[in-house]
Amino acid sequence: AKAAGPGRYEVFAPEMRAQMERRARVEAALHEALAAGQFSLFVQPQRALGSGNTCGAELLLRWLHPELGQVSPAEFIPLAEDSGLISVIGAWVLQQGCLLAAAWREQGWRGSVSVNVSALQLRSAPLIEQVDRALLASALPAEALTIELTESVLMDDVDATADVLLALARRGVRVSIDDFGTGYSSLAYLQRLPLHELKIDRAFVSGIGIDGHSEAIIETVLAMAGTLGMETVAEGVETAAQAAFLAKLGCDAIQGYWLARPMPVAEFPRWLAAAPAY
Ligand code: C2E
Ligand code: CA
Ligand code: CA
Ligand code: CA
């Protein structure tokens, strides 16, 4: 900072300090959040492009703090990972998610509920035990639960990941690769893992009709998923034109604002009932 000269020092230091203070404040608050009942779950539906059925729904964590207000998961999940809190928070999401999925199933819905699992949760927490406990407590059939893992998680420690995926597959839990196309997966490796679904990242979907590269990548990913026998979901679908493009190329399902914004879980049954197909 000294070498940068007095001018730059003055510009950057207060900004960095504010950032660090915010981080410390959010992390301290995070320790109380679960016990204080500040977390809730939102849900965003997925629609099968063939049948029109609401084939799935992704659970998204929300945190409302009395002073900090609404804190984005993009901000607090990394902090929860750094502090080790992700294990208990993740267990709560799994537990609540399975109970919700079981209740919706009870009402006749046959979709699968997707739960995001972060890298550190996969490594440091007894994920399989948490999954078993959540399935047992809810009496949810395993195939009604989908675990979303990002591509970077898969490729990070391939042997350890393979063990966890095999344990999930043996139970019948579905596994989805989130944000697909943004990392560097080895196809040879993907082919050997028990994976059920690929989620095409929003970055490519937003390029439909604008950027030929994105369209070419989507086409390639869909063809590859077909070869590997995996289902495909496109995330971040915001327009009818994007949905039409994806349908034309044989993408199995879509998720995004065009279909529905994430909603409080209590609103989902009403949304489902009004959807064109259950
Ligand atoms: P993600 O898994 O890629 O989730 C999709 C994000 O895109 C969500 O943001 C969702 O609200 C947003 N989104 C959905 N449709 C659209 C659309 O059409 N347009 C645009 N612009 N955005 C759309 P959200 O809820 O803020 O979540 C951000 C990230 O936080 C998630 O990314 C996920 O990585 C993480 N996250 C959320 N909930 C959990 C959780 O329970 N556990 C873990 N480990 N991570 C979570
Ligand atoms: Ca996700
Ligand atoms: Ca995603
Ligand atoms: Ca994404």
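This text goes with the structure placed above it.
Keep in mind it's a predicted model, so treat the numbers as computed, not measured.

*Asks:* Got a minute to help me understand the nonpolar core in this structure?
*Replies:* Across soluble globular proteins, you tend to see nonpolar side chains buried next to one another. One finds Trp63 and Leu145 to be the most contacted residues of the largest nonpolar core, which totals 80 residues. Tallying contributions element by element places helix 3 (residues 86–106) first for this core, with nine residues.

*Asks:* What is the right way to look at the coordination of the calcium ion (ligand 2) in this model?
*Replies:* Each pair of donors in an ideal octahedron of six around a metal sits at 90 or 180 degrees, and each pair in an ideal tetrahedron of four sits at 109.5 degrees. Those donors, Glu58 (OE), Asn116 (OD1), Glu148 (OE) and Asp178 (OD), are the protein atoms that reach the calcium ion (ligand 2), and they lie 2.1 to 2.3 Å from it. On the primary sequence, the residues serving as donors to the calcium ion (ligand 2) are separated as E-x57-N-x31-E-x29-D. Between the calcium ion (ligand 2) and the calcium ion (ligand 3), a spacing of 3.7 Å is present, and a bridge between the two is formed by Asp178. A residue pair is termed long-range when its members are at least 10 positions apart, and Glu58 in strand 2 (residues 54–65) and Asn116 in strand 4 (residues 112–116) qualify at 58 residues. With relative accessibility at 6%, the residue Glu58 sits in the buried group. Asn116 gets classed as partly exposed once you look at its relative accessible area, which sits at 31%.

*Asks:* What exactly am I supposed to notice about the site of ligand 1 here?
*Replies:* Looking at ligand 1, there are 20 residues lining it, with Gln44, Arg62, Asp178, Glu238 and Tyr257 nearest. Contact between ligand 1 and Gln44: a nitrogen atom at 3.0 Å from a side-chain N or O atom of the residue. Broken down by element, the residue count for the shell around ligand 1 peaks at four residues, all from strand 2. Residue composition of the shell around ligand 1, by class: eight nonpolar, five polar and seven charged.

*Asks:* Looking at this model, I keep getting lost on helix 3. Mind explaining?
*Replies:* Think of an α-helix as 3.6 residues a turn; residues three or four steps apart then line up on the same face. Here helix 3 is 21 residues long and its end C-alpha atoms lie 30 Å apart, about the 30 Å a rise of 1.5 Å per residue gives. For helix 3, the set of buried residues is Ile86, Ser87, Ile89, Gly90, Val93, Leu94, Gly97, Cys98, Leu100, Ala101, Ala102 and Trp104. Directly beyond the C-terminal end of helix 3, a positive phi value near 105° is found at Gly108.

*Asks:* I keep staring at the pattern of salt bridges and nothing clicks. Help me out?
*Replies:* Counted under the stated rule, the structure contains ten salt bridges. Of the charged contacts in the structure, one is a salt bridge between Arg23 and Asp82, with a shortest N-O distance of 2.8 Å. With a gap of 59 residues between them, Arg23 in helix 1 (residues 5–33) and Asp82 in helix 2 (residues 73–82) connect regions that are remote in the sequence. Classification of Arg23 by relative accessible area gives partly exposed; the value is 42%. A single salt-bridge network, built from bridges that share partners, covers Glu58, Glu148 and Lys199.

Scoring rules and cut-offs
- Residues numbered from 1 in each chain as written.
- Chains lettered and ligands numbered in written order.
- Predicted model: local features only at pLDDT ≥ 70, side-chain atom pairs only at ≥ 80, totals over all residues.
- Heavy atoms only, no water.
- Core = buried A, V, L, I, M, F, W, Y, C linked by side-chain atoms within 4.5 Å.
- Buried < 20%, exposed > 50% of the residue type's maximum accessible area, 1.4 Å probe, protein only.
- Helix = DSSP H or I, 4+ residues; strand = E, 2+ residues; numbered from the N terminus.
- Donors = N, O, S within 2.8 Å, 3.2 Å for Na, K, Ca; no water.
- Near = heavy atom within 4 Å.
- Polar contact = N/O pair within 3.5 Å; in protein donor to acceptor, adjacent residues only side chain to side chain.
- Nonpolar A, V, L, I, M, F, W, Y, C, P; charged D, E, K, R; others polar.
- Expected span 1.5 Å × (residues − 1).
- Salt bridge = Lys/Arg side-chain N within 4 Å of Asp/Glu carboxyl O.

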